[in-house]
Amino acid sequence: MKLKTLRLILGDQLNHQHSWFETLDDSVCYVMMEVRQETDYVVHHIQKMVAFFSAMRSFSSWLSDRGHASIYLTLDKPENSQSLTENLSRLIKDKGFTRFEYMYPDEYRVQQQLESFCEKLEIEYSVVDSEHFLIPQVAIANYFEADKSMVMENFYRKLRRQYSVLMKDDKPLGNKWNYDKENRKKLPKGHTPVKPKLFSKNVSEIVNLLQDMHVKSMGSIDADKFIWPTTRKETLALFNFFLKNCLPDFGTYQDALAQDHWSVYHARISFGLNVKLISPLEIIRKTEQYWEKHQDQVSLAQVEGFIRQILGWREFMRGLYWINMPDYAVKNHFKHTRKLPEFFWSGDTDLNCLKQSISQSLEYAYAHHIQRLMVTGNYMLLTETDPDAADNWYLGIYIDALEWVEMPNTRGMSQFADGGLVATKPYISSANYINKMGDYCKHCRFDPKQRVGDDACPFNSLYWRFLDKHQEKFRKIMRMRYSYIPWDKFSDQQRKQILEHANNYLAALK
């Protein structure tokens, strides 16, 4: 039978369980492509691009092994125009396809591109759900309202009821919805987390391809020992390792900052999850099942803390992103304009918390949420970084970063650039919080207890400067009123010295 339908699979739509692939149809051809359009829209970490290409190629092989007709355009194919839609136009014309189908993209820019492309098509077309998220694309507006702030906890409870997650008779197991307050501990002295499960794959072919094509990147890679899972089998293996070895301590130490332990007890399945090699509901059900069999080893607090990240924050961020785009991408509540300091691309700074978080990110294309939120993000906000610069850095450097999840976390939760749609208050802190959560400060030349002077940690004066500058707004926020009690007790001279110290630091920042 002649091929009639062309189906597009994007690099983050590697869903083995999608209904498209349940049956063989010899009139359908799938297309996947590596394009400069995607490698170049921001500067990506080399490991991120390698992971995407490796996962895409493995998925394409899986399709072929199952008997599906498919086309795969590598980055260096002469006929590759490096544009998603230009390649589609050529294929439809050259192959004589009479129908085009695609899944809803997860990023607004790609959705706009494909919608514009389809409006000009002279053949039939249709779009289907990716069948991945707990909330289908067409149902997002049933949960969210544009430019309206929501409390994640209420959304989280609604989804737990809807999907009956950790529930019994419409009540949460343990009679508590949230165990977050129990999950904020640093690693005890002498405590050594489990050694992370790493893979060791040769990806030199893809690395050489990117280098030969002169694709700009950041970070480093060991092409002979690539550590990240890029197939469904590998991702499930990493997740099973997490359940057995990390889940018992995950919640307790999920916020911990540890200089010698870059992964602590985190699952590190976010790349596989975000490219859809595994599904959120699959992860949730497997976690529930594991806990039911191992309640003597794993407390409910650990399980709830992990599931909240998947069922709560992940779905919540996606919904806020889609309901508020495209306006969300230009929100800049504080009108910040500062460029990122040069050390964000090298890790070369005397501030050890930043040095550790950035250097780790450059080495592994990974950092956990507190490193992102309360170290690098905190610093960006206190130094009044342009949210565009923050977005581009986070989107580029992390292996799991896609705009739908990165932007609301960065522009919203981290930088408060949306004015409070995501977070009820800015996530800022002095050095005290960073010192409390780990050992970074112990290895730093700056004193976390000093506010002014050559040895004073810059986070301290920057924190008080930020509070002072925005006090008219922040004193009205219930969760922030207590932050001003120490500031109000300082003498006029102390406040003056603190503000001068912060301003001098900002003036010298490059």
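Residues numbered from 1 in each chain as written. Predicted model: local features only at pLDDT ≥ 70, side-chain atom pairs only at ≥ 80, totals over all residues. Heavy atoms only, no water.

**Thoughts on the overall build of the chain**
Working step 1: Looking only at helices and strands, the chain has 19 helices and 9 strands in total.
Working step 2: The C-alpha atoms of the chain give 24 Å as radius of gyration, which agrees with the globular expectation for 510 residues (24 Å, within 12%).
Working step 3: Seen through its C-alpha atoms, the chain measures out along the principal axes to roughly 85 × 55 × 45 Å.
Working step 4: Each of the 510 residues in the chain was classed as buried or not, and the buried ones make up 58%.
Working step 5: For the chain, contacts bridging at least 24 residues in sequence account for 76% of all contacts bridging at least 6. (Helix = DSSP H or I, 4+ residues; strand = E, 2+ residues; numbered from the N terminus. Rg over C-alpha atoms; globule rule 2.2 N^0.38 Å. Buried < 20%, exposed > 50% of the residue type's maximum accessible area, 1.4 Å probe, protein only. Contact = heavy atoms within 4.5 Å.)

**Examining the packing of helix H9 (residues 280–293) against helix H10 (residues 300–324)**
Working step 1: In the contact formed by H9 and H10, the axes pass within 11 Å of each other and the chain directions differ by 170°. Between H9 and H10, the angle falls in the class roughly antiparallel. Counted together, Pro280, Ile283, Ile284, Thr287, Glu288 and Trp291 of H9 and Leu300, Val303, Phe306, Ile307, Ile310, Leu311, Arg314 and Glu315 of H10 form the full contact between these two elements.
Working step 2: Of the residues belonging to the contact of H9 with H10, the class tally is 10 nonpolar, 1 polar and 3 charged. (Axes fitted to C-alpha atoms, helices over the stretch in contact; angles between N-to-C directions. Parallel < 35°, antiparallel > 145°, perpendicular 65-115°, else oblique. Nonpolar A, V, L, I, M, F, W, Y, C, P; charged D, E, K, R; others polar.)

**A look at helix H14 (residues 403–414)**
Working step 1: Over its 12 residues, H14 extends only 14 Å from the first C-alpha to the last, a length that falls short of the 16 Å expected when each residue adds 1.5 Å.
Working step 2: With 11 of its 12 residues buried, H14 lies for the most part within the structure.
Working step 3: Along H14, the residues classified as buried are Glu403, Trp404, Val405, Glu406, Met407, Pro408, Thr410, Arg411, Gly412, Met413 and Ser414.
Working step 4: Check the buried side of H14 and you find it contacts helix H4 (108–119), helix H8 (270–274), H10, helix H12 (369–382) and helix H13 (387–397).
Working step 5: Count one or two residues on from H14 and you reach Phe416, which has phi positive near 55°. (Expected span 1.5 Å × (residues − 1).)

**A word on the pattern of salt bridges**
Working step 1: According to the stated counting rule, one finds 28 salt bridges in the structure shown.
Working step 2: For Asp488, the salt bridge goes to Arg475, with nearest N and O atoms at 2.7 Å. Linking Asp488 in helix H18 (residues 484–489) with Arg475 in the loop between helix H17 (471–474) and H18, this pair joins segments that are 13 residues apart in sequence.
Working step 3: For Arg475, a relative accessible area of 29% gives the class partly exposed.
Working step 4: One network of salt bridges, in which partners are shared, links Arg7, Arg99, Glu101 and Glu124. (Salt bridge = Lys/Arg side-chain N within 4 Å of Asp/Glu carboxyl O.)

**Brief notes about the sheet that holds strand E5 (residues 99–103)**
Two orientations exist for strands paired in a sheet by backbone hydrogen bonds: parallel and antiparallel.
Working step 1: Judged by pairing direction, the sheet is parallel, and its 5 strands sit side by side in the order E4-E2-E1-E5-E6 without closing on themselves. What marks the edges here is a single partner per strand, and that holds for strand E4 (69–73) and strand E6 (124–128). Here the strands of the sheet are splayed against their neighbours by 20° on average, with no regard to which way each runs.
Working step 2: As defined by bridge partners, strand E2 (residues 28–33) adjoins E4 across 5 bridges and the pair is classed as parallel. (Pairing = 2+ DSSP bridges.)

**Describing the environment of Glu363**
Working step 1: Residue placement: Glu363 occurs in helix H11 (residues 352–364).
Working step 2: Distance in space between the C-alpha atoms of Glu363 and His45 is 9.4 Å, their sequence separation being 318 residues.
Working step 3: The residues touching Glu363, leaving out its near neighbours within four places in the chain, are His45, Gln47 and Ser220.
Working step 4: Polar side-chain contacts of Glu363 include one of 3.5 Å to the side chain of Tyr364. (Polar contact = N/O pair within 3.5 Å; in protein donor to acceptor, adjacent residues only side chain to side chain.)

**Some thoughts on the packing of aromatic side chains**
Here the distance between the centres and the angle between the planes together describe a pair of aromatic rings.
Working step 1: By the definition in use, this model includes 44 aromatic pairs.
Working step 2: For the pair Trp20 and Tyr30, a centre-to-centre distance of 5.9 Å together with 55° between the ring planes defines the contact as tilted. With a gap of 10 residues between them, Trp20 in the loop between strand E1 (5–8) and E2 and Tyr30 in strand E2 connect regions that are remote in the sequence.
Working step 3: Residue class for Trp20 comes out buried when judged on its relative accessible area of 7%.
Working step 4: Put simply, the rings of Phe343, Phe344, Tyr379, Trp393, Tyr394, Tyr398 and Phe459 pair up and form one aromatic cluster. (Phe/Tyr/Trp six-rings, centres within 6.5 Å; stacked < 30°, edge-to-face > 60°.)

**Here we look at the packing of H10 against H14**
Packed helices, taken two at a time, are described by the angle their axes make and the gap between the axes.
Working step 1: Between H10 and H14, whose axes approach to 8 Å, the crossing angle comes to 85°. By the angle class used here, H10 and H14 are roughly perpendicular. Counting all contacts with H10, which are made through Trp313, Arg314, Met317, Arg318 and Tyr321, the residues of H14 involved are Glu403, Trp404, Met407, Pro408, Asn409 and Met413.
Working step 2: Here the residues of the contact of H10 with H14 sort into 7 nonpolar, 1 polar and 3 charged.

**Things to note about the environment of Asp94**
Working step 1: Looking at the element boundaries, Asp94 is found in helix H3 (residues 84–95).
Working step 2: Among the residues examined, Asp94 registers a relative accessible area of 52% and is labelled exposed.
Working step 3: Between the alpha carbons of Asp94 and Leu187 there is a distance of 60 Å; along the sequence they are 93 residues apart.

**What about the state of the cysteines?**
Working step 1: Overall, the coordinates contain 0 disulfides when judged by the stated rule.
Working step 2: The thiol of Cys29 is not disulfide-bonded; the next cysteine sulfur, from Cys118, is found 17 Å away.
Working step 3: Note on Cys441: no disulfide assigned, nearest cysteine sulfur contributed by Cys457 at a separation of 6.2 Å.
Working step 4: Taking the relative accessible area as the measure of exposure, Cys441 reaches 14% and is therefore buried. (Disulfide = S-S within 2.5 Å.)

**Quick word on the side chain of Thr39**
Working step 1: Structurally, Thr39 can be placed in helix H1 (residues 36–39).
Working step 2: Within the local environment of Thr39, its side chain forms a polar contact with the side chain of Asp40, the two groups lying 2.7 Å apart.
Working step 3: For Thr39, the residues in contact, after removing those within four places along its chain, are His44, Met49, Phe53 and Val215.

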